[in-house]
Amino acid sequence: MGNKYSVFSLIKNALSYHENWQRAWKDPTPKKEYDAVIVGGGGHGLATAYYLAKKHNMKNIAVVEKGWIGGGNTGRNTTIIRSNYLWDASAGLYDHALKIWEGLSQELNYNVMFSQRGVMNLAHNLQDVRDLKRRTHANRLNGIDAVYLSTEEVKKFCPIINTSQDIRYRVLGGTLQVHYKEELVQQDMMLLPGVMLEVLMKWVLI
């Protein structure tokens, strides 16, 4: 891939209103056959193509997408990458995926707009309190950072939250997965799992 993304290239292209960026991926003529054909160019499809090329040395892959690249659920709806799931298998899988995201921009030389903030879930009734405490304990048993917050601690962590006793859905507490284990992702096409980079661009038809 010819593009080198940096603060300097960002400033340079800002002067031309970002109209002169080099294309991030090719537009090749389809071949008669491929080692793998992936239907859907959203986050999962692109990541599948990328890791087939990177980890399994597959060099003849096609990704078929009728819309715009990265326009699936990942680009349209997703704003959170987290690993504070209840079940053991889910927690392990998502914590592994989260760690991949942490170094993805550097690995791909492509800004995936990954910003570490932390995630908080609020409890509004006694069942919420029980469920969130259960999930907090399960997370900690799996080695995932999580804490249960009182109403006062919720307010201290996020002062804009209304913790008044006079509102319809009172805040009875909440869970917090701290910043380096939970990531917020900007809703932008560039957030996708670095799939438009060197290995993908060299061996994958999109």
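Look up: the structure comes first, before these words.
Let us look at the structure shown here. Treat the numbers as computed from the prediction; the structure is a model and nothing was measured.

**Thoughts on the environment of Met120**
Next, step 1: In this structure, Met120 sits in strand β5 (residues 119-123).
Next, step 2: A C-alpha to C-alpha distance of 9.4 Å links Met120 and Phe157, two positions 37 residues apart in sequence.
Next, step 3: Beyond its immediate chain neighbours, meaning those up to four positions away, Met120 contacts Leu149, Val154, Phe157, Cys158, Ile161, Thr175 and Leu176.

**Here we look at the packing of aromatic side chains**
Next, step 1: Applying the stated criterion across every chain, the model contains three aromatic pairs.
Next, step 2: Ring geometry for Tyr50 and Tyr51: centres 4.9 Å apart, planes at 75°, overall edge-to-face.
Next, step 3: According to the relative accessible area criterion, Tyr51 is partly exposed, its value standing at 23%.
Next, step 4: Their ring planes at 20° and their centres at 5.8 Å tell us that Trp101 and Phe114 sit as a pair that is stacked. Here the residue Trp101 occupies a position in helix α4 (residues 88-102), and Phe114 occupies one in strand β4 (residues 114-116), the gap between them amounting to 13 residues.

**Focus: the pattern of salt bridges**
Next, step 1: Within this structure, the stated rule accounts for two salt bridges.
Next, step 2: Its salt-bridge partner being Glu107, residue Lys54 comes within 2.4 Å of it at the nearest N-O pair. Highlighted residues: Lys54 in helix α2 (residues 43-56) and Glu107 in helix α5 (residues 104-108), separated in sequence by 53 residues.
Next, step 3: For Lys54, a relative accessible area of 36% puts it in the partly exposed group.
Next, step 4: For Glu107, a relative accessible area of 33% gives the class partly exposed.
Next, step 5: The partner of Lys99 in a salt bridge is Asp95, with the nearest N and O atoms 3.6 Å apart. Of this pair, Lys99 and Asp95 both sit in helix α4, four residues apart, which is roughly one turn of the helix.
Next, step 6: Using a relative accessible area of 47% as the deciding quantity, one classes Lys99 as partly exposed.

Each value, and the rule that gives it
Residues numbered from 1 in each chain as written. Predicted model: local features only at pLDDT ≥ 70, side-chain atom pairs only at ≥ 80, totals over all residues. Heavy atoms only, no water. Helix = DSSP H or I, 4+ residues; strand = E, 2+ residues; numbered from the N terminus. Contact = heavy atoms within 4.5 Å. Phe/Tyr/Trp six-rings, centres within 6.5 Å; stacked < 30°, edge-to-face > 60°. Buried < 20%, exposed > 50% of the residue type's maximum accessible area, 1.4 Å probe, protein only. Salt bridge = Lys/Arg side-chain N within 4 Å of Asp/Glu carboxyl O.

That is the geometry; function is a separate question.
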